[in-house]
Amino acid sequence: MADQEETEELKLLAEWKRKKGGFRATMFVFVLSALDNMGFVANMVSLVLYFYGVMHFDLSSSANTLTNFMGSTFLLSLVGGFISDTYLNRFTTCLIFGSLEVLALAMVTFQAASGHLHPNACGKSSCVKGGIGVMFYASLGLYALGIGGVRGSMTAFGADQFEEKDPNEAKALASYFNWLLLSSTLGAISGVTGVVWVSTQRAWHWGFFIITIASSIGFVALAIGKPFYRIKVPGDSPTIRIVQVIVVAFKNRKLSLPESHEELYEISDKDATVEKILHTSQIRSLDKAAILQENMKPQPWKVCTVTQIEEVKILTRMLPIVASTIIMNTCLAQLQTFSVQQGNIMNLKLGSFTVPASSIPVIPLIFISILVPIYELFFVPFARKITNHPSGITQLQRVGVGLVLSVISMTVAGMVEVKRRNQSRKDPNNPISLFWLSFQYGIFGIADMFTLVGLLEFFYRESPSSMKSLSTSFTWLSMSIGYFLSTVFVNLINVVTKRITPSKQGWLHGFDLNQNNLNLFYWFLAILSCLNFFNYLYWASRYKYKSEDRNSSPIGLKTLHEMPLKVIGGTKQNWEGSIGGNTQE
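Calculation criteria
Residues numbered from 1 in each chain as written. Predicted model: local features only at pLDDT ≥ 70, side-chain atom pairs only at ≥ 80, totals over all residues. Heavy atoms only, no water. Helix = DSSP H or I, 4+ residues; strand = E, 2+ residues; numbered from the N terminus. Buried < 20%, exposed > 50% of the residue type's maximum accessible area, 1.4 Å probe, protein only. Contact = heavy atoms within 4.5 Å. Areas by Shrake-Rupley, 256 points an atom, 1.4 Å probe, with all protein chains shown as cover. Phe/Tyr/Trp six-rings, centres within 6.5 Å; stacked < 30°, edge-to-face > 60°. Patch = residues over 30% accessible without salt bridge, like charges linked within 9 Å, V, L, I, M, F, W, Y side chains within 5 Å. Salt bridge = Lys/Arg side-chain N within 4 Å of Asp/Glu carboxyl O. Core = buried A, V, L, I, M, F, W, Y, C linked by side-chain atoms within 4.5 Å. Axes fitted to C-alpha atoms, helices over the stretch in contact; angles between N-to-C directions. Parallel < 35°, antiparallel > 145°, perpendicular 65-115°, else oblique. Left-handed = near helix turned anticlockwise from the far one by under 90°. Nonpolar A, V, L, I, M, F, W, Y, C, P; charged D, E, K, R; others polar. Expected span 1.5 Å × (residues − 1). pLDDT = per-residue confidence, 0-100.

Quick look at the overall build of the chain
Working step 1: Helix and strand counts for the chain come out as 18 helices and six strands.
Working step 2: Of all 585 residues assigned to the chain, the portion counted as buried reaches 56%.
Working step 3: For the chain, restricting intrachain contacts to residue pairs at least 6 apart in sequence, the fraction spanning at least 24 positions comes to 81%.
Working step 4: For the chain, the accessible surface area stands at approximately 24,600 Å², while carbon and sulfur atoms represent 63% of it.

So this is what it looks like as C-alpha cells:
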C-alpha cells in the first residue's frame, strides 16, 4: 500500500515538474535581466560624466561617488538575499525591491530635468549641498537599495527553476547561468549605445526616463510569468542558524569530541523537509556544537545538527574565494570611471558620427554576446565528454581564467594611457582615437564573462538549500568591496604620492588627466592582481566541492522524497504552487 502511494506521489511530482519551472519559466527572468541591465550598465558607465559635468564634482570625487554608489548597490544585495531566504520568497522580494528601484529612477529623472535642482559650479571637489544634496543622495540611496534587493534575489530565483539532483536539469542549470549572462549582455549593449547616446548627446533626463520605462516593463514581465514558476518558500533565518553554531560550539569548547562522528546529533532520516549534508573533517572545532549531552533535550541554542554545522563549514570554505576576487572588481571599477574620463578627451569621431565616451564598453559586450553562445553550444558539450562535469569545466577554473585576464587588462590599460597622454601633450588638437581603449575593455570583458558566471554558479551550487540567495549575493559582496576598495586606493594613492613625487602632486589629482599619472595607478593594480591570482590558486586548490562530500546517486524514489515539496499526498513541500498549477502565497 505504501509503495503504491509513493508511486502515485512520483507521478504527481513528475506532472508538477513538467508544468512548472525550466527554461519556459526563466524566459521571464531573462527579459527582466535584459531590460533592467540596460539601464544599470548605462548608468555604470555614464554617471561619472553626469557627476562631473552636471553635479560639478572634480575628477577623483566623481569617480569616488560612482564607486561608492556601486559598492553600496552590491553590498545591499545581501539584504535582498537575506530577506528572500528568510521572510519573503525570491519572487516577491524581487518585485518589492523592483518597485523601489523604479521610484528612485523617477526621482533621478526629475532632478536631471529640473535646472533649479542642479548645483552651481564652485571649483571645489563637491558642490552638492542643501536641498539639492538631499534629493541627490536620497535618490541614489534608494536606487542602490532597489537594485541591490533585485540582484540579491533574481539570480537565485531563476536558478530555482531547475532541480540540481536531476542529471538533466543539472546540465540545464549550468546553461541557465550562461544564458542569463547573455541576456544581461544584450540589454547592456542597448544601454551603452542607445541610452548613453541619448543621455550625453541629447539630455540626461531623457536617458534616465528611458531607463525608468524599461525597468518598469521588465518587472511587469516578471510578474506575468508567475503561473510558470517554482517558487520556494523561505525557511529559517540563515543568519540565526550560523550564529547558533558559533554560540553552541563556544559553549561546548571544553567538551571532547566523540570518537565517531556518527555519535554527533543529526536530523532524522524521516524528515524529508531538510536537505541532509554529510559530515566532513574540516574545522572540527565546530563539531562540538553537535554534542548532545546526557539528559539534555535537543533544542535550538543548546545543540546543533551536523547538517547545520556543515552549512557553516561550507560558507567558511567559500570566504577565501570571495576575498580572492575583490581585487578584480577594483580593476573593473576603473573601467567605469577613469577609463570613461580618458575616452572623454580622446578622438570621439567615427567617420561623421561622434561616439559618446561612455559607449566604448560596447566592444567587450559584443565580444561576450558572441562568445557566450560559442562557449555554451560548442565548448561545454566538448568539455563534458572529457571531464564529465555538467558545466564542462569547474566553476573555480572559470574564475581563475578571469583573474589572469584581468591582470593582462590592467597592464594594457597602463600602456594605452601612456600613449594617450604623450600624444595629448605633444599635440592637444590631435588626440588618439577612442578605440585604443577597446583593448583593455575587450580583455576585461572576456575576463568578466568567465569570472561572473563562474562565481554565480559556484555559490548557488555549493550553498545549502536554505541559503541560496544569500550565498549567491557573495558575488555582489565581492564587487561591493572591490568598488569601495577602489575609493580607498584612489585616496590613498593621492595622499602617498603627493609626498614622494617631485611635483608634490598626487598621481590622480585635480581636473586634468594629462597632468596625472593614471598609467602608474593601472600598473599598480596589475601587480596587485598578479599577486592576488597566486593567493587565489592556493585557496582554490584546497577547496573541496560539496558534491565531493555526498554520495552521488541517480534520481530515484529516495532522491525525489528529499526534494522539498509542499503538500503531495501528505508529504511536506516548500515550493509554492500545488500540482495542477494553483498557487498559494
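Observations concerning the packing of aromatic side chains
Working step 1: Counted under the stated rule, the structure contains 32 aromatic pairs.
Working step 2: Both rings, one in Phe-521 and one in Phe-524, keep their centres 6.5 Å apart while their planes meet at 20°; by these two values the pair is stacked. Pair noted here: Phe-521 and Phe-524 are both in helix H17 (residues 518-542), with a separation of three residues, about one helical turn.
Working step 3: With relative accessibility at 0%, the residue Phe-521 sits in the buried group.
Working step 4: Assessed through its relative accessible area of 29%, Phe-524 is described here as partly exposed.

Digging into a nonpolar patch on the surface
Working step 1: Nonpolar side chains collect at one region of the surface, where Trp-206, Phe-209, Ile-210, Ile-213 and Ile-217 lie side by side and expose about 480 Å² of accessible area between them.
Working step 2: Relative to the helices and strands, Ile-217 is located in helix H8 (residues 204-224).

Description of the nonpolar core
Working step 1: Tyr-50, Tyr-176 and Phe-521 are the most contacted members of the largest nonpolar core, which has 147 residues in total.
Working step 2: Looking at this core, the element that brings in the most residues is helix H2 (residues 23-53), giving 16 residues.

Focus on the packing of helix H10 (residues 306-324) against H17
Working step 1: Remark: H10 packs on H17, axes separated minimally by 9 Å, with the N-to-C direction vectors making an angle of 165°. By the angle class used here, H10 and H17 are roughly antiparallel. Seen from above, H10 lies across H17 with left-handed handedness. Of the residues in H17, those touching H10 at Pro-320, Ile-321, Ala-323 and Ser-324 are Asn-532, Asn-535, Tyr-536, Trp-539 and Ala-540.
Working step 2: Its residues assigned to classes, the contact of H10 with H17 shows six nonpolar, three polar and no charged.

What to know about the environment of Ala-34
Working step 1: When you line up the elements, Ala-34 lands in helix H2.
Working step 2: With 150 residues separating them in the primary sequence, Ala-34 and Ser-184 have C-alpha atoms 4.4 Å apart.
Working step 3: Those residues within four positions of Ala-34 in sequence are excluded, and the remaining contacts are Ser-183, Ser-184 and Gly-187.

Observations regarding the packing of helix H5 (residues 90-113) against helix H6 (residues 130-159)
When two helices pack together, you describe them by how their axes are tilted relative to each other and by the distance separating the axes.
Working step 1: Relative orientation of the contacting elements H5 and H6 amounts to 155°, with a least axis distance of 7 Å. It follows from the interaxial angle that H5 and H6 lie roughly antiparallel. Both H5 and H6 take part in a crossing whose hand is left-handed.

A short note on the pattern of salt bridges
Working step 1: Taken as a whole, this structure holds eight salt bridges when the rule is applied.
Working step 2: Notably, a salt bridge pairs Arg-284 with Asp-287, separated by 3.7 Å at the nearest N-O pair.
Working step 3: In this structure, Glu-457 engages Arg-461 in a salt bridge whose closest nitrogen and oxygen atoms are separated by 2.8 Å. Pair noted here: Glu-457 and Arg-461 are both in helix H15 (residues 438-462), with a separation of four residues, about one helical turn.
Working step 4: Through salt bridges with shared partners, a single network forms among Arg-284, Asp-287, Glu-310 and Lys-313.

Overview of H17
Working step 1: The terminal C-alpha atoms of H17, which comprises 25 residues, lie 37 Å apart, in line with the 36 Å expected from a rise of 1.5 Å per residue.
Working step 2: Listed in full, the buried residues belonging to H17 are Leu-518, Asn-519, Phe-521, Tyr-522, Leu-525, Ala-526, Ser-529, Asn-532, Phe-533, Tyr-536 and Ala-540.
Working step 3: Where H17 is buried, its residues meet H10, helix H11 (326-335), helix H12 (338-344), helix H14 (395-426), H15 and helix H16 (468-500).

Comments concerning H15
Working step 1: The terminal C-alpha atoms of H15 lie 35 Å apart, and with 25 residues this matches the ideal 36 Å at 1.5 Å per residue to within 8%.
Working step 2: Burial within H15 is extensive, with 21 of its 25 residues counted as buried.

Looking at the environment of Leu-403
Working step 1: On the secondary structure map, Leu-403 appears in helix H14.
Working step 2: Each C-alpha atom, one on Leu-403 and one on Thr-451, is 7.3 Å from the other, the two residues being 48 residues apart in sequence.

Quick word on the confidence of the model for the chain
Working step 1: For the chain, per-residue confidence averages 79 on the pLDDT scale, and 86% of positions sit at 70 or higher.
Working step 2: Element-level mean pLDDT values for the chain span from 32 in helix H18 (residues 557-562) up to 92 in H8.
Working step 3: Across residues 549-585 the pLDDT falls below 50, and counting only partners more than four positions away or on other chains, this stretch makes 83 contacts in the model.

Describing the side chain of Asp-36
Working step 1: Following the sequence through the fold, Asp-36 ends up in helix H2.
Working step 2: In this structure Asp-36 comes out as buried when scored by relative accessible area, which is 2%.
Working step 3: Apart from residues no more than four positions distant in its own chain, Asp-36 is found in contact with Glu-101, Val-150, Arg-151, Ser-215 and Phe-219.

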